[in-house]
Amino acid sequence: MKYIVRIAEAVLAALFANIFLLGHIILLSRIVWLGLGLLLMTLFVVMNIVPCYANWKLQSPRLRNNADGCELLEIFLISAGISVVFNVYWWLKVLPAESPWVWTACVGSAVCCILIEAVVFWNGMIRIYITSVQLGLKWRIIGALCGMIPVVNLIVLGIMIGIVRKEVRVENNKLLMDKERASQKLCRTKYPVLLVHGVFFRDSKNFNYWGRIPAELEANGATLYYGNHGSAASVADSARELDARIRQIVRETGCGKVNIIAHSKGGLDCRYALSELGTHPFVASLTTINTPHRGCRFADYLLTKIPENRQQAIAGAYNRTLRRLGEPSADFMAAVRDLTEEACLRRNEVLKDAPEVYGRSVGSKLRHPSGGRFPLNFSCRFVKNFDESNDGLVGAASFAWGEDYQFVQAEGKRGISHGDMIDLNRENFDGFDVREFYVRMISGLRERGL
């Protein structure tokens, strides 16, 4: 039924686009022609506002706009095809005609047709450009660059419609699943969850380091807090900030303890706090995500291959920028040095795991450099030279720590990058649902009574 409606709407758009030519061919009276024109125009406006009533069943306005945009673009493809065939046929038929009026009618009709089809196209394109997440910057740029290249633009448009259609299906199913299981509160743990970011990022209201994960966890009953520590500092300095933050949360909420989920260098910072700063009585569990427990050889490579004066210039520019953003203690070089293999191995000899804190770790790898997004697809090639399997930054051999270790993989050649593990790019891909992975992970803590 949905496809029949779409074809009917496409025929409607084609009829309205060619109303002038049709009036000339069928020789309609002026009153009948105007009446038909007004009827088609009304239906055309309604179609552009509500392309498909079935889309109102979708679970969010954003998805409805996505789906409506796809409907309009598909209507455009069908109706434009009908209009092209119709106009070409008629032009060839009247080609021998010498009457200037006939040619004026044909040209005027073609211009009208182009303008009306453009309304449908841009209505659909603007909707998906504004509301789609999965198109990303890549396909938005490709769409803009290929828009004027015949045939190629149709292929690209088809790919973009496919991407957005899949996004609507995946996201709507996820919202329905969350709605159905809302009463289960899978992520309502005994202790709240503290999310600890990695190096060179900050917790921000405008751009969440953890992508769509926090919203998914909260939809399933989780209580979340953030580390709110600096973006770049030594492990010891970051640990002191996190220790203060944890004590503040416990003191202000009376929760007693927190469950920590720490990504990348954040895992090293938390381990230091638990071992050296006496934070362990306030922590129920620590889960590290793609943390370089045995060092990041990419950091070693950068420190040995980049001249020291260049290192200082980069560090100085970074530190100055962060000071302007309200982070006076930013120390780029201290953060990088503490990520080297030597620094991590030396620190491992000192740090002691608290037996009362449940510790576990998670790791992943990119199977092929082209699988991840820039810049991890680029850095993966370099890291592979000295770390073989890696996630674009850290070698897979460095991830394991704690009582349990889980190495996650995606089907196919893509793999899972350092950024994918925190939904940095908000990207859906086959074989791994990062949001559901975190729901199951937090649900596991709940089952442990944590």
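Residues numbered from 1 in each chain as written. Predicted model: local features only at pLDDT ≥ 70, side-chain atom pairs only at ≥ 80, totals over all residues. Heavy atoms only, no water.

What should I look at first to understand the environment of Phe 437 in this one?
As for its position among the elements, Phe 437 is in helix H16 (residues 434-447). Among the residues examined, Phe 437 registers a relative accessible area of 12% and is labelled buried. For the pair Phe 437 and Ile 213, spaced 224 residues apart in sequence, the C-alpha separation works out to 9.3 Å. With sequence-adjacent residues up to four places away left out, Phe 437 is seen in contact with Val 362, Gln 406, Val 408, Met 421 and Phe 432. (Helix = DSSP H or I, 4+ residues; strand = E, 2+ residues; numbered from the N terminus. Buried < 20%, exposed > 50% of the residue type's maximum accessible area, 1.4 Å probe, protein only. Contact = heavy atoms within 4.5 Å.)

Can you walk me through the nonpolar core in this structure?
As a rule of thumb, nonpolar side chains are buried together in soluble globular proteins. Counting 31 residues, the largest nonpolar core has Trp 210, Leu 217, Ile 261, Met 421, Phe 432, Phe 437 and Tyr 438 as the members making the most contacts within it. Contributing elements (two or more residues each) for this core: strand E1 (193-196), helix H8 (213-219), strand E4 (283-289), strand E5 (358-363) and H16. Sort the elements by how many residues they give to this core and H16 lands first, with 7 residues. If we ignore the near neighbours within four places in the chain, the residues touching Tyr 438 are Trp 210, Ile 213, Leu 217, Ile 261, Ile 289, Met 421 and Ile 422. In this structure, Met 47, Leu 72, Leu 135 and Val 164 belong to the second largest nonpolar core, which totals 28 residues. (Core = buried A, V, L, I, M, F, W, Y, C linked by side-chain atoms within 4.5 Å.)

Quick question: what am I supposed to make of the pattern of salt bridges here?
If the charged atoms of two oppositely charged side chains come close together, the side chains can form a pair. Counting across every chain of the model gives 24 salt bridges. For Lys 174, the salt bridge identified is with Glu 436, shortest N-O distance 3.7 Å. Placement of the pair is Lys 174 in helix H7 (residues 152-180) and Glu 436 in helix H16, with a sequence separation of 262 residues. Grouping residues by exposure puts Lys 174 and Glu 436 together as buried. (Salt bridge = Lys/Arg side-chain N within 4 Å of Asp/Glu carboxyl O.)

Whenever I open this one, the sheet that holds E5 confuses me. Can you help?
Adjacent strands of a sheet form backbone hydrogen bonds with each other and so pair up, either parallel or antiparallel. Read from one edge to the other, the open sheet built from 6 strands follows the order E2-E1-E3-E4-E5-E6, with strand pairing classed as parallel. The two strands at the open ends of the sheet, each matched to only one other strand, are strand E2 (224-226) and strand E6 (404-407). Across the sheet, the mean angle separating the axes of adjacent strands is 20° when strand polarity is ignored. With 6 bridges connecting them, strand E3 (residues 258-263) and E4 associate as parallel partners. Bridge pairing links Asn 259 to Ser 285 in E4. (Pairing = 2+ DSSP bridges. Axes fitted to C-alpha atoms, helices over the stretch in contact; angles between N-to-C directions.)

What exactly am I supposed to notice about the packing of aromatic side chains here?
Geometry of an aromatic ring pair is reported as the spacing of the ring centres plus the angle between the planes. This model, assessed by the stated rule, comprises 11 aromatic pairs. With 5.1 Å between their ring centres and 55° between their planes, Phe 76 and Phe 121 make a pair best called tilted. Residue Phe 76 is located in helix H4 (residues 61-94), and its partner Phe 121 is located in helix H5 (residues 100-131); the two are separated by 45 residues in the primary sequence. Relative to Phe 437, the ring of Phe 432 lies with its centre 5.6 Å away and its plane at 55°, an arrangement referred to as tilted. Relative accessible area serves as the criterion here: at 12%, Phe 432 is assigned to the buried category. Put simply, the rings of Phe 201, Tyr 209, Trp 210, Phe 429, Phe 432, Phe 437 and Tyr 438 touch in pairs and so form one group of aromatic residues. Directly above the ring of Phe 207 sits Arg 426, whose terminal nitrogen or CZ lies 4.4 Å from the centroid. Cation over ring: Arg 448 sits above Tyr 358, and NZ or CZ is 3.9 Å from the ring centre. (Phe/Tyr/Trp six-rings, centres within 6.5 Å; stacked < 30°, edge-to-face > 60°. Lys NZ or Arg CZ within 6 Å of the ring centre and 35° of its normal.)

Can you walk me through H16 in this structure?
In an α-helix there are 3.6 residues to a turn, and that puts residues three or four apart on one side. Here H16 contains 14 residues, and its C-alpha end-to-end distance of 20 Å stays within 8% of the 20 Å for a straight helix at 1.5 Å per residue. Counting buried residues along H16, 10 of its 14 residues qualify, which places the element largely inside the surrounding structure. Three or more residues of H16 are buried, namely Val 434, Arg 435, Glu 436, Phe 437, Tyr 438, Val 439, Met 441, Ile 442, Ser 443 and Leu 445. You can read the cap of H16 off the contacts: a side-chain oxygen lies 3.2 Å from the backbone nitrogen of Arg 435, and it is on Asp 433. (Expected span 1.5 Å × (residues − 1). Polar contact = N/O pair within 3.5 Å; in protein donor to acceptor, adjacent residues only side chain to side chain.)

Help me understand empty space enclosed by the protein in this model?
Any empty space left between the atoms is revealed when a probe the size of a water molecule rolls over them. Going through the model one piece at a time under the given rule, you end up with 1 cavity of 30 Å³ or more. Of the pockets and cavities examined, the largest cavity occupies roughly 40 Å³. (1 Å grid on protein atoms, 1.4 Å probe; cavity = no way out; pocket = protein on both sides within 12 Å on 5 of 7 lines; lining within 4 Å. Points joined across faces, edges and corners; volume = space filled by probe spheres on them.)

Where do I start with a nonpolar patch on the surface in this structure?
A cluster of nonpolar residues, Ile 7, Leu 77, Ile 78, Ile 82 and Leu 154, forms a patch on the protein surface that exposes about 390 Å² of accessible area. When residues of the nonpolar patch are assigned to their parent elements, the largest contribution, 3 residues, is made by H4. When you line up the elements, Ile 82 lands in helix H4. Using a relative accessible area of 36% as the deciding quantity, one classes Ile 82 as partly exposed. (Patch = residues over 30% accessible without salt bridge, like charges linked within 9 Å, V, L, I, M, F, W, Y side chains within 5 Å. Areas by Shrake-Rupley, 256 points an atom, 1.4 Å probe, with all protein chains shown as cover.)

All quantities given are derived from atomic positions and should not be read as evidence of function.
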